[in-house]
Amino acid sequence: MNASQQAAFVAAVAASGVYAVARRTALREAPALSARFARPVWLKREDQQACFSFKVRGAFHCLAHLPVALRGRGVVAASAGNHAQGVALAARHFGVPATIVMPRTAPAIKVAAVHGLGAEVVLAGERFADADDTARRLAAERGLALVHAFDDPRVIEGQATVAAEILQQHPGHLEAVFVPVGGGGLLAGVGAYVKAVRPDVRVIGVEPVGSDAMYRALAAGVPVPVHDLDVFADGVAVREVGRHTLALAQATVDEVVRVTRAQICDAMRDVFNDTRGVVEPAGALAVAGLALYAGRSASPGACVAILTGANLDFDLLGEVARESAAVTS
């Protein structure tokens, strides 16, 4: 991004109306993690966001910028669950119908939440890519606006409001911000905003090793599909990153690190121990990435980990506890 593009991006974020439905979430220091990593560790609590996920930000910002006549016909989106809830909540705010296409493997708690927000739910396929294909078909057949989960400039601007809050809430020195990565919308938004306002702050994406589409895309220079996708962290289980998100990541992200399922479970335990909050696997990715980073860096600089969501199926907790016990024993 050149200087004028950066200025336009920052202005769009500053003018966003996301707070009609979103919350300014807390940035809290994590005492146990700070002591363990010998550096101040701060947690951005998007797990306490409306719908328990940051996704409502991008969804609302995108809907707000649709032409009124187009928005009035209704919107359609594909999502494993968190974007689905964000679109459903934003559509309810604007008084327009929403059709949400979700994979049949989506957690029941997320499907129920979308129903509860008044959206029509269509279950299609086993993965996000299957749901995305169906959503695109419905958009064409019904004349609906498609609200993409990540690869849309307006969605990216909306997600960047997370970064704006972080830099307002922590005006002192920051070494790095750790960002969970699925399709890359949050990473692109945080990267673009942080590098425009505080270019000295490192932006580090974190992915599971079994759904590392951004890591592969950055290495190849083009989106690369992940064929054997691990859906344990369903919120980031995306087969291929977007064109817009990859371009912004290439320009603004310092690195992307990968973590194992066991490391994600250990991070979920760490978050619980510090906050008594239970995040979903995707929501704990940033803490898992920070743990890797702290292990190789002796710098005492402050770091922020974004907790992106708390839409966890209760039945998964037993598996998380067993995996985490294996790491810590």
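Conventions adopted
Residues numbered from 1 in each chain as written. Predicted model: local features only at pLDDT ≥ 70, side-chain atom pairs only at ≥ 80, totals over all residues. Heavy atoms only, no water. Helix = DSSP H or I, 4+ residues; strand = E, 2+ residues; numbered from the N terminus. Contact = heavy atoms within 4.5 Å. Polar contact = N/O pair within 3.5 Å; in protein donor to acceptor, adjacent residues only side chain to side chain. Pairing = 2+ DSSP bridges. Buried < 20%, exposed > 50% of the residue type's maximum accessible area, 1.4 Å probe, protein only. Phe/Tyr/Trp six-rings, centres within 6.5 Å; stacked < 30°, edge-to-face > 60°. Axes fitted to C-alpha atoms, helices over the stretch in contact; angles between N-to-C directions.

Trainee: Even after reading the chapter, I still don't get the environment of His170, so can you show me in this structure?
Mentor: One can find His170 in the loop between α9 (161-169) and β7 (176-180). As for His170 and Ala305, which are separated by 135 residues in sequence, their C-alpha atoms are 13 Å apart. If sequence neighbours within four positions are ignored, His170 has contacts with Leu27, Trp42, Arg198 and Ala302. For His170, the side chain forms a polar contact with the side chain of Trp42, separated by 3.4 Å.

Trainee: Can you help me understand the sheet that holds strand β6 (residues 145-146) in this one?
Mentor: Strand order in the open sheet formed by 4 strands is β5-β4-β3-β6, and the pairing between neighbours is parallel. Of all the strands in the sheet, the pair left with one neighbour each is β5 (120-123) and β6. Pairing between strand β3 (residues 75-78) and strand β4 (residues 98-102): 4 bridges, direction parallel. When the sheet's bridge partners are listed, Ala77 is paired in β4 with Ile100.

Trainee: So what exactly am I meant to see when it comes to unusual backbone geometry here?
Mentor: Trans peptide bonds make up the majority, and among non-glycine residues the majority have a negative phi. With phi around 60°, Phe52 is a residue other than glycine that occupies positive phi space. Along the polypeptide, Phe52 turns up in the loop between β2 (41-45) and α3 (55-64). With a relative accessible area of 45%, Phe52 lands in the partly exposed category. Although it is not a glycine, Arg276 sits at a positive phi angle of roughly 60°. Mapping Arg276 onto the fold places it in the loop between α13 (261-275) and α14 (285-296).

Trainee: Help me understand the packing of aromatic side chains in this model?
Mentor: In this description, a pair of aromatic rings is defined by centroid distance and the angle of the planes. Overall, the coordinates contain 3 aromatic pairs when judged by the stated rule. Between the aromatic rings of Phe60 and Phe94, the centroid separation amounts to 5.1 Å while the plane-to-plane angle is 25°, which identifies the pairing as stacked. With a gap of 34 residues between them, Phe60 in helix α3 and Phe94 in helix α5 (residues 82-94) connect regions that are remote in the sequence. Given the relative accessible area of 4%, Phe60 is considered buried. Residue Phe94 is classed as partly exposed on the basis of its relative accessible area, which comes to 24%. Taking the centre distance of 5.8 Å and the plane angle of 40° together, the rings of Phe128 and Phe150 count as tilted. Of this pair, Phe128 sits in helix α7 (residues 128-142) while Phe150 is found in the loop between β6 and α8 (153-159), placing the two residues 22 residues apart along the sequence. Of the two residues, Phe128 and Phe150, neither departs from the other in class, the shared state being buried.

Trainee: Got a minute to help me understand the sheet that holds β7 in this structure?
Mentor: Adjacent strands of a sheet form backbone hydrogen bonds with each other and so pair up, either parallel or antiparallel. Pairing is mixed across the open sheet formed by 6 strands, whose spatial order is β1-β2-β10-β7-β8-β9. Each edge of the open sheet is held by one strand with a lone partner, namely β1 (27-29) and β9 (255-259). Strand-to-strand twist in this sheet, taken as the mean axis angle between neighbours without regard to direction, amounts to 25°. Pairing geometry for β7 and strand β8 (residues 202-208), over 5 bridges, is parallel. Within β8, the residue paired with Pro180 across the bridge is Val206. The sheet strands contacting α13 are β2, β8, β9 and β10 (303-307), and the helix crosses β9 at an angle near 95°.

Trainee: Which parts of the structure should I look at to understand the environment of Ala188?
Mentor: When you line up the elements, Ala188 lands in helix α10 (residues 185-197). Taking the C-alpha atoms as reference points, Ala188 and Glu29, 159 residues apart in sequence, are found 24 Å from one another. The residues contacting Ala188, other than those within four sequence positions of it, are Ile156, Thr245 and Leu248.

So yeah, pure geometry; function would need other evidence.
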